[in-house]
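Working through the structure, step by step
Given next are the chains, with one letter for each unit.
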Amino acid sequence: MTALLGNSELLAKLIGFDSTSCNSNLPIADFICEYVDRPGVRIDRNMSPDGSKTNLVISIGPQDRHNRTGLILSGHMDVVPAEEPEWESEPFTMTPTADAYVGRGTCDMKGFLALAINQLTSLDPTRLEHPLVLILTYDEELGTIGARHFAATWSESNHLPENAIVGEPTDLRVIRMHKGHLEFKVTLTGKSAHSGYPHLGRNAIEPTGTLIARLSELRREFENESPAYTEYFPEVPYVALNLARITGGTAVNIVPDRCVLQGGIRMLPEMDSTATIERVRSAVTEAVGTDSCTFEIEGEAPPMLLSDRSDIYRALSARTGQTDTVSASYATDAGWFQTMGIQSAIFGPGSIEVAHKPNELLPIVQFEEASQMLKDIVYDFCQLSGRHE
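Anyway, here's the lowdown on the structure attached to this text.

Let's talk about the overall build of the chain
When you go through the chain residue by residue, the secondary structure sums to nine helices and 18 strands. A compact globule built from 389 residues should have a C-alpha radius of gyration of about 21 Å, and the chain, at 23 Å, falls within 12% of that. Oriented by its inertia axes, the alpha-carbon framework of the chain measures out at about 80 × 45 × 40 Å. Here the chain, with 389 residues, has 51% of them falling under the buried criterion. Taking the intrachain contacts of the chain between residues at least 6 apart in sequence as the baseline, contacts between residues at least 24 apart amount to 80%.

A word on the sheet that holds strand β11 (residues 240-248)
What the four strands build is an open sheet, ordered β11-β13-β9-β14; its pairing is antiparallel. Every other strand in the sheet has two partners, leaving β11 and β14 (293-301) as the edge strands with one partner each. Averaged over all neighbouring strand pairs, the angle between strand axes comes to 20 degrees, with direction disregarded. Alignment of strand β9 (residues 181-189) against β14, held across eight bridges, turns out to be antiparallel.

Structural notes on the environment of His66
You can see His66 is positioned in the loop between β2 (54-60) and β3 (71-76). The class of His66 is exposed, set by a relative accessible area of 78%. Along the primary structure His66 and Met1 are separated by 65 residues, whereas in three dimensions their C-alpha atoms are 32 Å apart.

Quick notes on unusual backbone geometry
Cis geometry is found at the peptide bond from Asp108 to Met109, where omega equals -10 degrees. Phi is positive for Asp171, close to 60 degrees, though the residue is something other than glycine. For Asp171, a relative accessible area of 38% puts it in the partly exposed group.

Observations concerning the state of the cysteines
Defined simply, a disulfide is a covalent bond joining two cysteines at their sulfur atoms. Scanning the entire structure with this criterion turns up zero disulfides. Cys293 supplies the cysteine sulfur nearest to Cys259, a cysteine that is in no disulfide, at a spacing of 10 Å. Here Cys259 falls in the buried class, since its relative accessible area comes to 1%.

Thoughts on the packing of helix α1 (residues 7-15) against helix α2 (residues 26-36)
Taken N-terminus to C-terminus, the directions of α1 and α2 make an angle of 150 degrees; their axes are 10 Å apart at the nearest point. Taken together, the axes of α1 and α2 lie roughly antiparallel to each other. Contact with α1, carried on its side by Leu10, Lys13 and Leu14, involves Ile28, Phe31, Ile32 and Tyr35 of α2 and no other residues of that element. Partitioning the contact of α1 with α2 into residue classes produces six nonpolar, no polar and one charged.

Remarks on the environment of Ile117
Among the structural elements, Ile117 can be located in helix α3 (residues 106-121). The sequence separation of Ile117 and Leu134 amounts to 17 residues, and the corresponding C-alpha distance is 7.6 Å. Residues within four places of Ile117 in sequence aside, it is in contact with Leu10, Leu14, Ile32, Tyr35, Val36, Leu134 and Leu136.

A closer look at the side chain of His76
Within the secondary structure layout, His76 lies in strand β3. Classification of His76 by relative accessible area gives buried; the value is 0%. A distance of 3.2 Å separates the side chain of His76 from the side chain of Asp108, its partner in a polar contact.

Brief notes about the packing of aromatic side chains
Throughout the structure, instances matching the rule amount to seven aromatic pairs. What links up through ring pairs into an aromatic cluster is the set Phe17, Phe31 and Tyr35. For Arg176, the ring lying beneath its charged end belongs to Tyr232, and the centroid distance is 5.7 Å.

Side note on α1
Among the residues of α1, those classed as buried are Leu10, Leu11, Leu14 and Ile15. The arc enclosing the buried residues of α1, seen along the axis, measures out at 140 degrees, which places them on a common side. Packed against the buried residues of α1 are α2, β5 (100-102), α3, β18 (361-363) and α9 (364-382).

What about the pattern of salt bridges?
Under the criterion given, the structure shown has 17 salt bridges. As a salt-bridge pair, Glu360 and Arg104 come within 2.8 Å of each other at their nearest N and O atoms. Remark: Arg104 occurs in the loop between β5 and α3 and Glu360 occurs in the loop between β17 (343-346) and β18; sequence separation between them is 256 residues. Relative accessible area serves as the criterion here: at 1%, Glu360 is assigned to the buried category. On the basis of relative accessible area, Arg104 is assigned to the buried category, the value being 1%. Between Lys185 and Glu298 there is a salt bridge, and its shortest N-O distance comes to 3.8 Å. Of this pair, Lys185 sits in strand β9 while Glu298 sits in strand β14, placing them 113 residues apart in sequence.

Rules and cut-offs
- Residues numbered from 1 in each chain as written.
- Predicted model: local features only at pLDDT ≥ 70, side-chain atom pairs only at ≥ 80, totals over all residues.
- Heavy atoms only, no water.
- Helix = DSSP H or I, 4+ residues; strand = E, 2+ residues; numbered from the N terminus.
- Rg over C-alpha atoms; globule rule 2.2 N^0.38 Å.
- Buried < 20%, exposed > 50% of the residue type's maximum accessible area, 1.4 Å probe, protein only.
- Contact = heavy atoms within 4.5 Å.
- Pairing = 2+ DSSP bridges.
- Axes fitted to C-alpha atoms, helices over the stretch in contact; angles between N-to-C directions.
- Disulfide = S-S within 2.5 Å.
- Parallel < 35°, antiparallel > 145°, perpendicular 65-115°, else oblique.
- Nonpolar A, V, L, I, M, F, W, Y, C, P; charged D, E, K, R; others polar.
- Polar contact = N/O pair within 3.5 Å; in protein donor to acceptor, adjacent residues only side chain to side chain.
- Phe/Tyr/Trp six-rings, centres within 6.5 Å; stacked < 30°, edge-to-face > 60°.
- Lys NZ or Arg CZ within 6 Å of the ring centre and 35° of its normal.
- Arc of directions from axis to C-beta.
- Salt bridge = Lys/Arg side-chain N within 4 Å of Asp/Glu carboxyl O.

As structure tokens, then:
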């Protein structure tokens, strides 16, 4: 049995794994499994289709097949790249300062992972009346890929607790709704030829101008509409369409035979993704037709909406003293959990303002406050027979 580490010690261990999304997450997953492995702990791996990555489901306490009591603590194991030259320390070595821990993933979101893992390993499984479950995912940073796979393949969804905390960095604010994100790709094909003989080819880049104009028009249409819940997203109170990347051509003396445009759409809670997708597809067809063009959805992270009357929201709001509704314009794994009947609150230490940036940091005071709050919430939802300090 692996000795229990302090929260900051465990965080340092987790930061030491380069779990950038482009890498396999099996090394960090193996470490976590070895660390939590002790009597009464159930560990399940939910492998990616190619076997190079895994989600982890770690649980203690009774396996209640008749209701969905207990609590889920969830976070993603992957991090974004740390290649910026502005880093002042080694990104994958946690560096303490006077008031913070610095390193890639400290706030997004290995700080929460360390707290959740230690919360589970510190408890006596025989004293829980309801289960405590950790769901740790892969490739959240690439578009909630791991959570989507989990939602599609986990056969016992109806036996998971219905209340969850997804530990994204929120500065210890409770977020109960967020936008979703659709990623799309339009591929235009032409015919290659020497640029000195352009009549022998067909330029795939030129029609992209018409396509960009039409999609820009659709973006303005979205901005002038007012779907439900706009009042909770005052900075961007509409569906946001972003044309993000264009690639095409091989050399300036060759007529390009291929051009790819990629973009994203951020939808508000409870919006129908099918209807939104069809609007974009129709705009593409209007602009460039269908003969030499394909439209694909490359990824989807559903929006999320948690009732302000839900047990987990009320419990966290009571602990933090929060009375207002907080939203996020980014997507999380909670959108996919909602499709499984899991009611998720987004709550964790650290600020989204420093996530994905060089010298990412986690304030020590928030790390310690979050530890005590999670302990109290676990006691509330898992009903231990006595306090275990």
